Structures are given as C-alpha cells and as structure tokens.
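# Coordinate analysis (summary)
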Amino acid sequence: MTRLLDPDEPAPVILTQGSDPDCPFLILCDHAGRRVPRRLGDLGLRQADLVRHIAWDIGVAGTCAHLAAALGATTISQVYSRLVIDCNRTPGHVSSIPRVSEMTEIPGNLNLGDAERCQREAEILLPYHQAIESEIDRRQAVGQETVVIALHSFTPVYMGMARPWHAGVLHDRNPGFALALGQALRQATGQMIGDNEPYRLTDASDFTVPHHAEARNLPYVELEIRQDLIDEEAGQRRWAELLRRLLPEVLAAHLPKVPC
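These notes cover the structure that comes with them. Predicted model only: the values in this text are computed from it and were never measured.

### Considering a nonpolar patch on the surface
On the surface, Met 103, Tyr 158 and Met 159 cluster together into a nonpolar patch covering about 350 Å² of accessible area. One can find Met 103 in the loop between strand E4 (100-101) and strand E5 (104-105). On the basis of relative accessibility, which here comes to 70%, the residue Met 103 falls in the exposed class.

Structure (structure tokens):
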C-alpha cells in the first residue's frame, strides 16, 4: 500500500526540547493541529468544518508554546487533525477514527478497511506516542522527575448544552496533582474550575494520560481550557502566565524535593 504521508508533508509529531534541562514538566498536546494528509483530500468536509473544534483543539498550540517557553519545558505535539485519527483515543476504539463528530458526518472515515485504519495508526498515532514514551524513558534513565501536563480545549456549548466552566482538571487514578492544581486555579482566579468536567477521564475516553502517566504512576493533569478564553494570542498568553506561576507552586507542595 502507498504510504499515507508524502515525503514533503510534515512529520506527525513535533518534539521541542525545553531550555531548562532540569524542568520536570512535560507538556503534551494531542490535538495541536488540523492538517489532513494530502492523500485524504478534505475528508469530504467543507473547509468551514476543518477549522471547527471537531478538527482540533482551538487555542491549545499557542498556549502550549507560550507555557513551554515560560517554564523552559519540553513539548510534544501532534499536528494532524483528530478527524484523521484521534491520538487521545485507544487504537481501535470506535472514537479513534470518528464517523461522526458532534453532529457532523465525516465522509472520508466511512467504510474504511482494516488496512486503511492500520495505516493511519502506523504513520500518525504510533510515532506520536513513541515520541512520548522515548522522552519519558530518557528522563527516567537520568533520574529526572516527570510531571505530565496534557493540554486540551473545549467548546462553550456542546450538543446544545452550555458548559459554564472556565477550565477543568481531569484525572482518574493518581489524582493528587490534578486536584491540587484545580484548587490553586480556583483560589487564584475565582473562576469556575471543573473537577472531571466537561467530561470524566477514563481509559475509554482518553489514551495519552492513562497510557503514559497513570501506567508509570507519574504526577499529571489533563487540563481542559474553554476555547473562547484562548482562541486569541492574548488569552493564550494570560493562561500560560497563570500556569507558569501555579504549576511550580503546586509541584513544590506536591513533590517538595523536585526543583523547576
């Protein structure tokens, strides 16, 4: 079978090493981009659909970049649209390559054969998660602490239901760091910070945090920020600065021996 990605197309994963080699924070961005491989055309969608939240996490790439620069942290980002394959879903799960997202049918994802599904996994999903695994392995080999910060954004309204939270901290097993950050965000901003909102983190709903952080018993937070708060650079910078201040404070209280 012909490769999915042409040689001149971007690699599926971007790893940007931080300026501070001792910083424990590892920032992950599962839905940073909205590119579609050339061979898949537009997946049968209108261009207006390919800039909606169904295609990517609006505002997260910029927020991650500003936060990483402020902390000196390493960032790993995935640049292809989650409509091609969702890198935060277990491979083979019904939501991994969605036929419908919200109420929009994805024509290019209908009637896919096993070979086509495996190709998307092999060329987009696996390289991303291999990069994360290799980076955590490298850090552990030299005794460097790792705290996983998985950043996402969510829509103010979903399927007709308003979502009042400004942000939400998601967690399942090993929830301590996420809960502490949620409390710090409430105290610092006075905003509505959801606890496992706008949805609950589970092995079915997510893949990155369970697979990389929970499986290794690493401190983590999956942080969801409402997209209208970070859809422009000013908001991205505000949230990056807020997190730059709070993350080390929460870490100092949660793991007092780990510097950043």
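### Some remarks on the sheet that holds strand E9 (residues 167-170)
If you trace the 7 strands from one edge of the open sheet to the other, you get E1-E3-E2-E6-E11-E9-E10, paired in mixed fashion. With partners counted over all chains shown, the strands left at the sheet margins are strand E1 (13-16) and strand E10 (193-195), one partner each. Neighbour-to-neighbour, the strand axes of the sheet open up by a mean angle of 20 degrees, direction not taken into account. Of the strands in this sheet, strand E2 (25-29), strand E3 (74-78), strand E6 (147-154) and strand E11 (220-226) are in contact with helix H1 (residues 60-71), which crosses E2 at around 165 degrees. The sheet contacts of helix H2 (residues 114-141) involve E1, E2 and E3, and relative to E3 the element is tilted by about 165 degrees.

### Considering the side chain of His 66
Note on placement: His 66 falls in helix H1. At 3.4 Å, the side chain of His 66 and the side chain of Glu 233 are in polar contact. Residue contacts for His 66: discarding those within four places in its chain leaves Glu 233, Gln 236, Arg 237 and Ala 240.

### Section: the packing of aromatic side chains
Within the structure shown, the criterion is met by 0 aromatic pairs. One Lys or Arg, Arg 34, reaches over the ring of Trp 56 and ends 5.3 Å from the middle of that ring.

### Topic: H2
Taking the largest bend as the criterion, H2 deviates by roughly 40 degrees, centred on Leu 126, and proline Pro 127 comes between one and four positions later. A positive backbone phi angle near 75 degrees is found at Gly 143, which sits one or two residues after H2.

### A word on H1
Helix length check: H1, at 12 residues, gives a terminal C-alpha distance of 16 Å against a target of 16 Å (1.5 Å per residue), a fit within 8%. As for H1, its buried residues are in contact with E2, E3, E6, E11 and helix H5 (233-254). Immediately downstream of H1, the backbone of Gly 72 shows phi near 75 degrees, a positive value.

### Describing the state of the cysteines
Evaluation of the coordinates by the stated rule reveals 0 disulfides. There is no disulfide at Cys 87, and the cysteine sulfur nearest it, in Cys 29, is 11 Å away. The buried category is assigned to Cys 87, whose relative accessible area is 1%.

### With respect to the pairing of E11
Most of E11 is tucked away, with 7 of its 7 residues classed as buried. Relative to E11, E6 runs parallel, the two sharing 7 bridges. Note that in E11 the partner of Ser 153 across the bridge is Ile 225. Across 4 bridges, the pairing between E9 and E11 is antiparallel.

### Observations regarding the nonpolar core
Core analysis: the biggest nonpolar cluster contains 35 residues, and Leu 28, Leu 43, Ile 76, Leu 83, Ile 124 and Tyr 128 have the highest contact counts within it. Residue assignment for this core shows that the elements contributing at least two residues are E2, H2, E6 and helix H4 (208-214). Ranked by residue count, the leading element in this core is H2, at 6 residues. Once residues lying within four places of it in the same chain are set aside, the contact partners of Leu 83 are Leu 43, Leu 45, Leu 50, Ile 54, Ala 55, Pro 98, Ser 101, Ile 106, Asn 109 and Arg 120. Counting residues in each nonpolar core, the second largest holds 34 residues, with Phe 25, Val 147, Ile 193 and Leu 223 among its members.

### Some remarks on the pattern of salt bridges
Under the criterion given, the structure shown has 18 salt bridges. The salt bridge involving Arg 38 is made with Asp 8; its shortest N-O contact spans 3.1 Å. Of this pair, Arg 38 sits in the loop between E2 and H1 while Asp 8 sits in the segment before E1; the two residues are 30 residues apart in sequence, bridging distant segments of the chain. For Arg 38, a relative accessible area of 47% translates into the label partly exposed. For the salt bridge of Arg 139 with Glu 135, the shortest nitrogen-to-oxygen distance reads 3.6 Å. With a gap of 4 residues between them, Arg 139 and Glu 135 both fall in helix H2, about one helical turn apart. In terms of burial, Arg 139 and Glu 135 fall into one category: buried. Residues participating in the shared-partner salt-bridge network are Asp 6, Asp 8, Arg 38 and Arg 39.

So, how was this worked out
Residues numbered from 1 in each chain as written. Predicted model: local features only at pLDDT ≥ 70, side-chain atom pairs only at ≥ 80, totals over all residues. Heavy atoms only, no water. Patch = residues over 30% accessible without salt bridge, like charges linked within 9 Å, V, L, I, M, F, W, Y side chains within 5 Å. Areas by Shrake-Rupley, 256 points an atom, 1.4 Å probe, with all protein chains shown as cover. Salt bridge = Lys/Arg side-chain N within 4 Å of Asp/Glu carboxyl O. Helix = DSSP H or I, 4+ residues; strand = E, 2+ residues; numbered from the N terminus. Buried < 20%, exposed > 50% of the residue type's maximum accessible area, 1.4 Å probe, protein only. Pairing = 2+ DSSP bridges. Axes fitted to C-alpha atoms, helices over the stretch in contact; angles between N-to-C directions. Contact = heavy atoms within 4.5 Å. Polar contact = N/O pair within 3.5 Å; in protein donor to acceptor, adjacent residues only side chain to side chain. Phe/Tyr/Trp six-rings, centres within 6.5 Å; stacked < 30°, edge-to-face > 60°. Lys NZ or Arg CZ within 6 Å of the ring centre and 35° of its normal. Bend = angle between axes of the 7 residues up to and from the residue. Expected span 1.5 Å × (residues − 1). Disulfide = S-S within 2.5 Å. Core = buried A, V, L, I, M, F, W, Y, C linked by side-chain atoms within 4.5 Å.

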